[in-house]
Each structure stands twice: as C-alpha cells, then as structure tokens.
Amino acid sequence: MKTVYLVDGSRTPFLIQSEYQSAPHHSCYSAQELAVIAIRHLLLRQPFNTAALDKVIIGSSNYKTGVDLAQHIAQRLGATAGFSQSQYGTLAGLQALEYGHLQIALNQQQLVLVAATDVLPAQPARWNKAMYNWLDDYSQTSSWSKKFKAITRSHPYQPRHYLSTPTQRTNITRYAEKKALIYRLQKAQMSEYVQLSQRRLQYAQRNNLIASLAPLFYEDGRWIHRDQGILDFSVPPTATRDSCGKNDNMDILTANSLASATEGASALLLASRKAVKRYQLPVLAKLSTPQWTHSPDNKNMLKDPPNTAIEHALKKHQLSVDDIDYWEWNETTAVEVLAAQQHYRHTPPVATLSHVNIDGGALALGAPATANSLRMILQLSYILRRNAARYGIVSSTEPGGKAFALLLQHEQEAEA
Amino acid sequence: MNQLQHFSLQKTADDLIWLTIHIKESPRHPVDTSVLYEFLEIIASIHEKKVKGLIIQSNSPEAFLTGIQPETLTKLADRTSTQHAMGFFSLGNKLCRQIEKLNCPTVAIIDGLCSGAGLEIALACQYRVLTDRPETRLIYTEIAQGYHIGFGSITRLIDLQGMKTALSFLASSKPCPGQLCVRQGLGDKLVARYKARQQAEQIIAHIYDAGTACKDNNTNRLLAHTDKNPAPFSLDKLLPDFLISNIRLPQDHNQPLSSLQRQVLETIIGTWKTYGNSDDAKQEEVTTATRLLVAESTQHALYLQVLLDKQRQKRITRSQPEKQQPPLRVHIMGSGTIGRYLGRLCAFHGLLVSVYDIRHNALARLLPEARHYFETRAPYATERVQHALDHLIPDIENNGLRHADIIIEAIQEDKHSKASLLLEIDRGSRPEACILTTTACLPLNELSKDMLRPERLTGINLSHPFIDSPIAEVIQSDNSLSFPHDKVTDFIWRIGRLPVMVQNAPGFLSTRILMAYLREALMLHQAGTSITEIDTAASALGMTFAPFLLLDTIGLDECLTVMEALADRLGYDVPPILVQKVEQGHGGKNAGEGFYKYKQGRQQADLISAFRPSFSKKTDSRDIQKNLLEAIINEARIGLNLGIIESTEWVDLITVTNIGFPAAKGGALRYLSGKT
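What you are looking at is a predicted structure, and each value in this text was computed from that prediction instead of being measured.

1. Thoughts on the overall build of chain A
- A count of helical and extended segments in chain A gives 13 helices and twelve strands.
- For chain A, with 416 residues in total, the buried portion stands at 54%.
- Carbon and sulfur atoms provide 51% of the accessible area of chain A, an area that totals close to 18,600 Å².

Next up, the structure:
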C-alpha cells in the first residue's frame, strides 16, 4: 500500500440557490461548470499540465442520468490522458475520495483529481409554509382593499432546508431528535452552537483563513468571492423548526440547527510519493485509508460512540483520542457535534469544542451534499498546516447508521 | 485521356462518377490554368458517356478549392496586357458553363475552405453538401481586394439567393459557416463528415427515384419529388423590373464598405441591371472581371495582399506543424482594455490564459466581453467557444505567475508601477519564461534596469481591440540580443498575428503614426473646421477609421495619456481641445459622450446643430484630406528614416492595417511614390 499525499485543493464559494433559475445560462452555473471552475483554479497552481493527470473522479448527488459527468469535465479540461469515473448518490463525495485513495494506494496511479459538485434542482416554487398560507389568504380576498392589505403583509423568501423531499427531511430530523433526547440536549445549547459556528466562520472570512476559494465570475458582470451566509437572523434563536408541523410544542430542534443545502463544488489533488518527488510538489497532508462503518439499528445511542469509524481509524494507527489535535465534524445537525462533545467529555479539546470545526462548519456555510465532505478535508489540512499540528480527523455520519472517518497527518516541514 | 495530375476519376458500379481533387502544389488547392485545363478535359469526356451523376470531392481536409495563388495573380494582373487575365477568366467561365450543361446531376461535397475561384466552380454544380466541421466555410475573399473572378457564378449566386442576400454575402469579410450557408441557400445539406458521401449518393438516388424526376422551371435543375424547393422563398427573388433601380448596397454601421468592395458590388449590380440572369450576364462577367482586375486600386490592394501572404508563408515553412505544439500557459497581469483583449485572443487560439488584476470589477468585465468576441468570431462553433471560455481564467490571487510560460504585463502606462511590477515578475516566475510588456512608449532599458535577468524582456504592441489589426510589433531591449526570441514570435504566430521587429523608439511605428493622424485632425478642428466635415472628408478619402469616431471609440482619456507620453519624447504639443474634453468629463463612447453623443453604444445624430447656423470655417474637403494624408505620410517617412522599421513594404502594411489608410491607394509610401 503506497502512501497517499494530499497536495492541494480548491473550492467554489457555496451559494444559496441562484435566484436566476429561469435566466439565460450566463447568470448561473451548472454543476459541471462549478466543478470545472474549482478544478482549474486548483490546477493553475500546479507545475504540470492537465494531461498529466491519471484519473479524474467526480462525485455528485443528483445529476441527470445518462450523462457522464466526469467524462465531460475531463474533456473540457483536456485531462483525457487518464480515465474518468463518476459517483452518484448522497455519499458520492466520500466515495469518490475513497476510490481516488485506492487508485494511488493499490493501483499505482500517480496523480488523481477528486472533485465533488452539487447544484440544487430547479424548483418551480420555493416558498415555505408561511408563503403558501399567505397565498391561500390572498386568493380568498375579494375586494381591492383587502388585497392591498394582504400584500403589505407578505413574507420574505426563506432558504430551503437540507433535503428536498419531506421523507428525507423527517428522517434526519427524527434521527436528530432521538439523539437529542438521549443525550438530553436543550434548545439553548443548540442555538448557542449554531451561533458559535457562525462567529467562527465570520472570523475566518475576515482573516483570510478559508482554504483556497475560487472566485466565481458570471457573464453578466457579477462576481462572488465569499461564501454567502445562509443563516436567517430574523427568527429568534430558540424558535423551533417548522418541519414536523404537528407538535410545535414538542419540537426539540431549533430553527437553524439543520444545515441548509447550497450549491458548490470542491476539488482535491492526491498524489503518490513518486509524483511528489517528480514535480517537487509541496504537500499539505498525508491521508490515511478512509474508514467506514455501518450500524443500522443503533439502539444504544448513548453508550456507543457517535461515530464508530473513529475508533477503527485510531486503532489502525495506534493512536488515542488525546493525540488528535484538530477535528472536523460534519454539522448536518447541531445535535451531532453536541453529542460528540458529551461523549468525549474526558478529552478537553473536544469537550470544550476549542479544537472542533474552528473555521466554521456546515451550519453556517450551508453544504452542498457532496462537496461539503471534501471541503472539510481541505479546511482541516489548512488548519493543521497553519497551527503546525500533527494529526487531524474528519468525521461524518449519515442518518441510518453510516459513519466515516479519515485521519490526516501533517509533517512538520521535514523536507524543505 | 492524358495522365491527370490534379484529379482522379473513379466510376462506380451504379454509373456514378467520383471526381477527387488533389492539387499537388498545396493542400489548400489553389486554382491554376493547368487545373482548369484538366477539369475541362474531364468534363468533356463525361459529356459523351451515359452517366447517372457526378460527385466532386476534395482529398484535403483543409480546403475544397480556393482562389488563385499570389504568383499567378501577379502575372494575371499585369496592366500592360489584359490577355492573361481575359484568357484565364474565359477558361474558367467555359468550365462552369460545361458543368452546368451536363445532363446528369452534379453534387459538390465541400469539406474545408471554399473560396474565390473554387466557390464559383462549386456554385456551378447543382447541389452542394457541406460538412459540419468549423473549418468548412464559404467566403469570397476577392471582393475585399476589389475584383471578382469572372467564371459566371455570381449570376448563379444571385439567381439562387436573391440580390439582397447575395450582396450581403459577397460584402461580408467574415467566412460564412456551414449552418448559415444552408439557411441562406448556398448549401443544400449539412452533414457530418463521415456521412457526406452517403448523402451525395442519396441526393442523386432520389432524383431517379421511381422515374418521377421533375424539372424546376426556374433553374433548369432536376429536382427529386421529395425535395422541397431548395432555396428558401424570398420576396426579392421575384424582383420585378421597377425594383431593380432601387437596389442598394448593404449597409453595416460597424464596418462600412471600403471603396474596393463598393466598386465590385456596383459593377455586379450594373451587370444585373443590363443583362438580368441570362447567359449573356455570365459571359459579361469575364469582361467586368478583367476590367476590375487591372484597375489601379485593385493593383494596390493586390500588392498588399501579396506582401501579407509572403510573410505568412515564412511561418509555414519554418515552424512545426500545429498539432505538435506543446500547450502554452500565458499569464496576463492587468485586466484593462489591452489585458482583456490579449486574454481573449490567447483563449480563442487554444492557449491556457490566466488574467490577473487586483480589482474585482475589472475582472468581472472579462467574461462578458470574451463571450461576445468568441460568438461573433466563431458563430455556431459552440465547442470552440466553450473551450475558449474554459481556458480563460480570471485570477484574483496571481496564482498563474509561478508556472506560466509567457507572462504579459498590461497595466497603466506609468514608469514606476511598470518597473516594480516587472521586478515582481522577475522574481516570481520560472527562469525559462518569456516576459512581454505592452508599453506604448517607455524605453525598455529603463524598465528593466533592476531586473536580475533583463534579457527576458520584450515589448509587444498590438493595436487597440477596435482596430484589431493582424500585425503585432515586437521590440527588444538592447541587451536581449542573446536571448532567443523565437518563443515570442512563435507565441505571436499562435495567436494569429504577424510579428514584425521594430526598433526601440517611443510609440513604435503604428502608435506614432496614429497619434500624428489624430493630432492633425484635432488641430484642424481647433482651427475651426467642424467635426462632421473632417470625418466625412476622411471617409471620402477612403480611410477605414474616421478620426473623431476612432478617438471616441478608443477613449479620450487613453488617447490623452498616450499623446502626453509621446509628446514629451517626440517634442510636440498635445492639442488643447483634447485636454479640455477630458477635463469636461467627456470620456468617449463608454462615457456616453465624447466628440459625438452616444446612447447605448450608438451614435446619436446631431439634428439640432444641423439646423443651427454653423460658425465653423468652410474648408474645402480636399484641403482636409491633403492635411491628413500629409501628416500620415510625413510620420511614416520619419519612421523609415530613423530606421524604426526595416522596409517600405512593412510601412505600407502597417499604415493600412493599423491606421486605416485606404488599401485602394496601396500604403502610405507607395501612394507617395505614385504621386511623385
């Protein structure tokens, strides 16, 4: 098994779903184009041409079937010397990463490009429940004065929540509520964590700590060079979510404690030791083998660790929880991070959340379903480098029991 | 039949004759007298036989058949005896007539460039099948040089398309891509390359299908019963007699017709008016073509064209074929007008470009302008446009500097900022990279004083994007004679421009002459003549760019900056009226008002001042023209005497392409030598 090095990465800013859905193509970018922008921003910094890439692996959670995303992207970039592969599904980003890792570790490839891109599907109407209620009222008004009154009471647009179909949403919320009940988490804790995440993101943005962001320039003259914040501060922090609908008094999750879905792409460049030497590439981190576990009926959520894959990763490298310097937990809901905090309460870095998600997470940024995982890896490697730390873990869990963990190892500039 | 050099015949089992063209002189298939003789022989032999159909195709993917080669052209265009020209044109005319009179259907498969004489021959065939490659284009280049090829097909073209469409096709200087041709009726079918042969066979098979072939009464062609009327219905094909007198030349505000084009089109309209679409018209084309070819203005235009072709030949013999060239990375620092223009050029020709600027809004203008440029240059070629846009990267972090092969610095014309930027480039780039700077008048030695490796620096001067000249001036600083500048010239060839070596003088040659021309116009205006009079006099003279329109389009503040920089070094005064206008805030077209008023990019007619009594001096337009010409010619002579450029021919070329000197008068110095 060869070592896999993470050389560099790049991502686009994560966007709220573009309002110009019906406008001509130059006002918004498709998933393919976001990926191309992120990748070429990354490749501009490398000394080799795109033809030197051995494999191009792209992951995307929903893409039109019958179109091979990776082949198109590879053709557009001129990276047709190697083979390209697409992965589809909600875990596509991590699957792509694992596939890329295996190619270098076992299959003797030298340079592999892994990217994940997501765009929210176009929706005819993106209104929330309040808007539908208002439309109902408006359609029942009879006179002009009543209509005028109704217009003055119209509600602003609110961003969509994490997943589109109601059943998936309730899956996540159900799972999160169960966890919150078991770990006895309060609404105040959740809202406080959300605000913490937001503050950290803003700090990182102000101080240019965000890992390489490729600015988006549109053909109508606009440009976006920062992540668009998606939190809605008009709602009081402890207000509950509107998703389940039936028992508002029993809602446990706060309004913003579910990460919203956004659009974006991120790309990582993996290399083998031979390629690093050949092109004299500066290395960000060494990646260990990604670990997956699956425990479908997790009845004992309190006793079992929130992410069983972490144990496997640590065991493999003979490390303990105290050796890990920085963590990146996927913030699908605030509940997960708070559960981890409780579970690892004997480890100060995690218990005080001082070394977890220090540059903000998905709650503040929003997350394209697949690109978020690659973003976490990239951000963590930048954090390790700037703090001269050694070990970091990227952890992600999915409702339904799947868990993923990846150990990152940063060398302290031994080879200059 | 004698041994055929340029063609090969093949008869298939179902009585079809396939004629393949493989002219051995060049893969661009120029048409020559020997070619025409052989072709005539072949057609004569087909006449006697019983044949189902004739299909003409070309062996080279680059061209079907193109125009006449420059050497033959100089022989034909001999003014002393019109015999050669007359003989050549009547030969071709006879050929086209024979092709038309064949009693079997003829199909031409056009894959690649089809222009001039080749286009005339293709129009003589009954059907044309075009391939959908972007290289397949039809263009009549000879019209821009002031003559047409008298094979008789212009009458056929007018017959096919109608007068209005035909005139606009002939007047256009851009090649007509496949889709547009089919839509306008020039081509009949548009297919992929591997299907072209099958399509041609199918057309012929349809005609003989079940014996229900019918004849189209207008064009005397055999039509298949399943065929729709091949040419689209257009009202002006039914041109009744009283409309003939109202035929107007096509007007295009962005690119007005030059006098050369006008002379050809007016001749064509004259022939049409007299002869209609009879056979006499086709015969008359021979005489008109000869007359146009030996006219003086055409001679001048041909001289310039021959010069250009000679320079382009040098490239083909010297460098490697295009497919083997390694991918180049270009990094442009500064996203102003010139920086963005260079970015568009490089991306359009397949290079990977990153454009860097510290301001976001300058970079934001890059992509919309680029898309517009690509779509006008390569209409219907969506793959090429997408490839170009993918390879044009707006870079806000200066990532592209470290690994670029060619670095171009295109920031404001300020000595200190340029010098410090060059230092930064010198330290941050690869040692083998070439550094180009787009200064118009700063001496290179001063800029490269503190650099570690000053021999890498070369200066390049492309004209303003509005002028879009095919010539780029290259200057080297004195101590760069050791560094190979082949890479720079190769790069300039790759972006489609012709490099010419120029000495290290302020303003190089083209900016110097251009500023002299504009300065003279400003002085005339200052002395009292009105702007419209000067502009009309310049257009009547034949200048491609009227001075005040050009000033407005380039931008008054840019012109002022350049003029001030040159004024210090060349010792003249900047006209105060320009300073006044810039101080008043009239920046030009983009600012809404310059010397003229503009609204959304279009010039507003100044109706009020047309009725107001004008207080300007009534100058004779001949005086205005004399002054303008003198300014240009004087500056050109100074340039030549100072040794800025090596030969008079280059001076002629540059005055025509960069300044807009009328091509009908040759270049500035040729005009001068003609006068004296």
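2. Notes on the overall build of chain B
- Each helix and strand in chain B was counted, giving 28 helices and 22 strands.
- In chain B, which comprises 676 residues, the proportion classed as buried is 54%.
- Counting contacts in chain B only where the partners sit at least 6 residues apart, residues at least 24 apart contribute 73% of the total.
- For chain B, the accessible area works out to roughly 30,600 Å², and carbon and sulfur atoms hold 50% of it.

3. Quick word on the packing of aromatic side chains
All names here are of chain A.
- What the rule picks out here adds up to 14 aromatic pairs over all chains.
- Ring centres 6.4 Å apart and planes at 20° place the aromatic pair W327 and W329 in the stacked group.
- The class of W327 is buried, set by a relative accessible area of 2%.
- Judged by centre distance (5.7 Å) and plane angle (40°), the ring pair of W327 and Y344 falls under tilted. Of this pair, W327 sits in strand β10 (residues 326-329) while Y344 sits in the loop between α10 (334-343) and α11 (348-351), and the two are 17 residues apart along the sequence. Per residue, the accessibility class of W327 equals that of Y344, and both read buried.
- Aromatic ring contacts, followed pair by pair, group W327, W329 and Y344 into a single cluster.

4. Some thoughts on the pairing of strand β7 (residues 264-271) of chain A
Residue and element names in this part refer to chain A.
- Counted residue by residue, β7 has eight buried out of eight residues, so it is predominantly covered.
- Burial of β7 is two-sided: the residues G264, S266, L268 and L270 facing one way and the residues A265, A267, L269 and A271 facing the other way are all buried.
- Pairing of strand β1 (residues 4-11) with β7 involves six bridges; the strand directions are antiparallel. Residue Y5 lies in a different strand from β7, and its bridge partner there is A271.
- Judged from the eight bridges that link them, strand β4 (residues 111-118) and β7 form a sheet pairing that is antiparallel. Bridging across to β7, T117 finds its partner in A265.

5. Section: helix α21 (residues 531-541) of chain B
Residue and element names in this part refer to chain B.
- Along α21, the residues classified as buried are I531, I534, D535, A537, A538 and L541. Along α21, the residues classed as buried sweep out an arc of 160° about the axis, all on the same side. Facing away from the buried surface of α21 by more than 90 degrees, the exposed residues are T536 and A540.
- Looking at the packing, one finds that the buried side of α21 touches α20 (510-526), α22 (547-554) and α26 (621-642).
- Looking one or two residues beyond α21, the residue adopting positive phi is G542, at roughly 110°.

6. A short note on unusual backbone geometry
- We note that N208 of chain A has phi near 60°; this positive angle belongs to a residue other than glycine.
- Tracing the sequence through the fold places N208 of chain A in the loop between α7 (187-206) and β5 (216-217).
- On the basis of relative accessibility, which here comes to 71%, the residue N208 of chain A falls in the exposed class.
- Despite not being glycine, D15 of chain B has its phi angle at roughly 65°, a positive value.
- Position of D15 of chain B among the secondary structure elements: in the loop between β1 (7-11) and β2 (16-21).
- You can call D15 of chain B partly exposed: its relative accessible area is 35%.

Thresholds applied
- Residue positions within a chain follow its written sequence, with the count starting from 1.
- Chains and ligands are labelled sequentially in the order written, the chains with letters from A and the ligands with numbers from 1.
- Given that the model is predicted, a residue must reach a pLDDT of at least 70 before its local features are reported, and side-chain atom pairs must reach 80 or more before they are shown or counted; all residues, however, enter totals for whole chains, interfaces and linings.
- Heavy atoms from the whole structure form the basis of all side-chain values; hydrogens and water molecules are not counted.
- The numbering of helices and of strands both runs from the N terminus, where a helix is a DSSP run of H or I of at least 4 residues and a strand a run of E of at least 2.
- Here's how the labels work: a residue is buried when its accessible area is under 20% of the maximum for its type, exposed when over 50%, partly exposed in between, all with a 1.4 Å probe on protein chains only.
- The Shrake-Rupley method, run with a 1.4 Å probe, gives the accessible areas here. Residue values count only the displayed protein chains as cover.
- Contact criterion: two residues are considered in contact whenever any of their non-hydrogen atoms come within 4.5 Å of each other.
- Ring geometry is summarised as follows: Phe, Tyr and Trp rings, the Trp one being its six-membered ring, pair when their centres sit within 6.5 Å, and such pairs are stacked at plane angles under 30 degrees, edge-to-face over 60 and tilted between the two.
- Strands pair, by our definition, only if DSSP identifies at least two bridges between them.
- Starting at the helix axis, one direction is taken to each C-beta atom, and the arc is that of these directions.

All quantities given are derived from atomic positions and should not be read as evidence of function.
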